[in-house]
Amino acid sequence: MLIGFILSILLNIWTLYSSYIARSSIIAVTHLPIACLFPFVVVVLGMNPLLARLRPGRALTSPELIIVFFLAFTASAIPGWAFSTYWLSVITGPYYYASPENQWAELFFQYLPSWLIVSNNGHAMEWFFEGLPKGQAVPWSVWVVPLFWWSTFFFALFCAGASAMVILRKQWVESERLTFPLARIPLALVQNLHPRSALPAITKDRLFWFGFGMTLAILIWNIFSFFDAVPPIPIGAMYVTNVTIAQSFPGFPVKFNYLIAGVAFFTNLDVLASVWVFFIISLLQIGVMNRLGVPATNEVVLSQHLGGFFVFILFCLWAARRHLRDVVRKALGRAQDVDDSTEFFSYRIALCGLVFGLLYIIFWLHAAGMSYGIVLFLIGSLFLMYVGVARIVAETGLVFLDLPYNGQDFTVAAIGSAQIAPHDLMGLTLAHTYARNWRTLGMCSMIHVNKVGDEMGGHKRGIFALIILTLVVSVATAIGYTMYLGYATYGAYQFGEVFGEGSRNAYTYLIGWIKNAKIFSGMEFTFLFLGGVFTAFLIVCHHRLPWWPLHPIGFGVVRTPGVGASVFSILVAWLVKAILIKIGGVQLYRKAQPFAIGMIVAFAVGVMLSFIVDLIWFPQSGHPVQNW
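Residues numbered from 1 in each chain as written. Predicted model: local features only at pLDDT ≥ 70, side-chain atom pairs only at ≥ 80, totals over all residues. Heavy atoms only, no water.

Some thoughts on the nonpolar core
Argument step 1. Core analysis: the largest hydrophobic core is formed by 221 residues, its most contacted members being Ile34, Trp143, Trp150, Met165, Tyr434 and Tyr507.
Argument step 2. With 20 residues, helix α23 (residues 563-617) is the largest single contributor of residues to this core.
Argument step 3. Ignoring any residue separated from it by four or fewer positions in sequence, one finds Tyr507 in contact with Val90, Pro94, Trp104, Phe108, Leu112, Ile117, Thr429 and Leu430.
Argument step 4. By size, the runner-up hydrophobic cluster in this structure holds 5 residues, among which are Ile286, Met289, Val301 and Phe527. (Core = buried A, V, L, I, M, F, W, Y, C linked by side-chain atoms within 4.5 Å. Buried < 20%, exposed > 50% of the residue type's maximum accessible area, 1.4 Å probe, protein only. Helix = DSSP H or I, 4+ residues; strand = E, 2+ residues; numbered from the N terminus. Contact = heavy atoms within 4.5 Å.)

This is the structure:
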């Protein structure tokens, strides 16, 4: 517990400093973030073996190491992009960026809920964005009320999401037996610890060290290229080439990421194939539609795959209907035959947490000025996206999977900004703090923590309280350290685009919604429907035709942000895995798995090495070895 809490604090500080100050790697954006993975690797391969040598018999056991992973993995969802950065940039921007030229005060200040926005009283926002003048005290008081009320909202949202994951765990883990590729990495690093050295069994495999050494050698070589000492080897997140087949056709991004490829190696072949095949088809479709002069082609194709995403997730919930009925019966005390003893907490608590969490969110948003109809549409569609992302990551291991559509943008586009009152549009603008969170505010973390706990065995009751405490510590660290950096350094305006353009864009969108009607076009609605119909066809083929090669999951995700940067790595992982199985069957594939684990571990170490080099020799102009 103590190690987990310490790592939670340190990874928050590392994430924010790397992004805001060093301008190095963005290490908390993925569903298996380097911000969590590297500290865990240090504990497993460094601290624990050292402890076994110095204090024989006192090294951490596999279940204890998993507790460390639980806490660090949960904490990694808080700092930087997706959560703390969006949260603070949205609630601090209005009063600082308002000017006579943009007329924000006249256009929407009357709709700002004062209890949710940090005011500029005492130059609080001016000094946060530009740095605290010498001799002045930090105006902490203006932060207290907004941070308190937002914290209650996020706590309710997390509790509702965690409860949903407890309710769905048995269906996804035991009934559907999803593969959970992300979970394979921490499990491989804690299984079969040597009784004397405390090293995991995988470190005895030569392929692990071959994958580790080859990957780390490339990363170190490229670090030397920062100094222009050697030409870089163009393998990694910093190097991308777009291959275009013809004019008007979007390019295919050739970009290799060790983390994406390593995790994808544990994903089923039909799932991997569906991602890259449907991605290429979408590129061809966009190109043909561009040649034909179809307007807003990207938006039309995006709506098509959004329809596929929704239909796939609704089908997954329909497939779980009997389990969901059992959950309700158990919660009402009418199903003694249903066992919930292996969950983080009982189904009764989970159902109450889901219902009361959602009720608090609804009333909270209404108090912020939103009408009940808009609130229900926003939260309903957003919650469906959150559950969808968690479900899809559990099966695909897509570490860069984003929401198919930001919740506030989908609400405006589906209903139409002209049909939404200005105070509702303001509430949707503030939704940038949570409705863009591709890490699903802990849902994805919770379901994977559940899976890892199931694999390790043992009793999970009581661990949830540790997770909540970790979240509190992480939020306090992330918010406090961001405020400290803003006031104590050169100001949040210099942190990068998120406190610059990011703070402004949310309210720029609001102005656009107010002045210009925004709604899905007829073609977008049509393709939204057609995408759903096509996904229904894919689902039938997948479940009724044993020879069908493509999983329906790929169609729904290929136009989400992040998949484009991942598709080449997925293609490589699919090709290597297919060849191995073709040559030597599943046995040869399993023998090759340590290579993928070694590659991932080396990548985590390489990201830290690049950060250290940036910190010393390239301050404020680092090299994002890991980025979006």
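Having seen the structure, we can now continue with the description.
With respect to helix α8 (residues 181-188)
Argument step 1. Counting buried positions along α8 gives 7 out of 8 residues, so the element sits mostly inside the fold.
Argument step 2. Those residues of α8 that fall on the buried side of the exposure criterion are Pro181, Leu182, Ala183, Ile185, Pro186, Leu187 and Ala188.
Argument step 3. Packing partners of the buried residues in α8 comprise α2 (34-54), α3 (62-75), α10 (258-264), α15 (372-396), α18 (443-456) and α23.

A few points about the pattern of salt bridges
Argument step 1. For the structure on display, the rule yields 8 salt bridges.
Argument step 2. The partner of Asp337 in a salt bridge is Arg329, with the nearest N and O atoms 3.9 Å apart.
Argument step 3. The exposure class assigned to Asp337 is exposed, which follows from its relative accessible area of 63%.
Argument step 4. The partly exposed category is assigned to Arg329, whose relative accessible area is 28%.
Argument step 5. Across the salt bridge formed by Arg391 and Glu395, the nearest N and O atoms sit 2.5 Å from each other. Taken together, the positions of Arg391 and Glu395, both in helix α15 and 4 residues apart, correspond to about one turn of that helix.
Argument step 6. For Arg391, a relative accessible area of 5% gives the class buried.
Argument step 7. Under the relative-accessibility criterion, Glu395 is labelled buried at 8%. (Salt bridge = Lys/Arg side-chain N within 4 Å of Asp/Glu carboxyl O.)

Quick look at the packing of helix α7 (residues 141-175) against α18
Argument step 1. Axis separation between α7 and α18 bottoms out at 9 Å; the angle between their running directions is 45°. Looking at the two axes, α7 sits oblique to α18. Crossing geometry of α7 relative to α18 is assigned as right-handed. Counted together, Phe158, Gly161, Ala162, Met165, Arg169, Trp172 and Val173 of α7 and Met443, Met446, Ile447, Asn450, Lys451 and Asp454 of α18 form the full contact between these two elements.
Argument step 2. Among the residues forming the contact of α7 with α18, the class breakdown is 8 nonpolar, 2 polar and 3 charged. (Axes fitted to C-alpha atoms, helices over the stretch in contact; angles between N-to-C directions. Parallel < 35°, antiparallel > 145°, perpendicular 65-115°, else oblique. Left-handed = near helix turned anticlockwise from the far one by under 90°. Nonpolar A, V, L, I, M, F, W, Y, C, P; charged D, E, K, R; others polar.)

Regarding the environment of Thr179
Argument step 1. Topologically, Thr179 is positioned in the loop between α7 and α8.
Argument step 2. On the basis of relative accessible area, Thr179 is assigned to the partly exposed category, the value being 24%.
Argument step 3. Separated by 88 residues in the primary sequence, Thr179 and Thr267 have C-alpha atoms spaced 7.0 Å apart.
Argument step 4. Aside from chain neighbours lying at most four places away, what touches Thr179 is Arg184, Phe266, Asn268, Ala394 and Glu395.
Argument step 5. Of the polar contacts made by the side chain of Thr179, one reaches the backbone oxygen of Glu395; its length is 3.3 Å. (Polar contact = N/O pair within 3.5 Å; in protein donor to acceptor, adjacent residues only side chain to side chain.)

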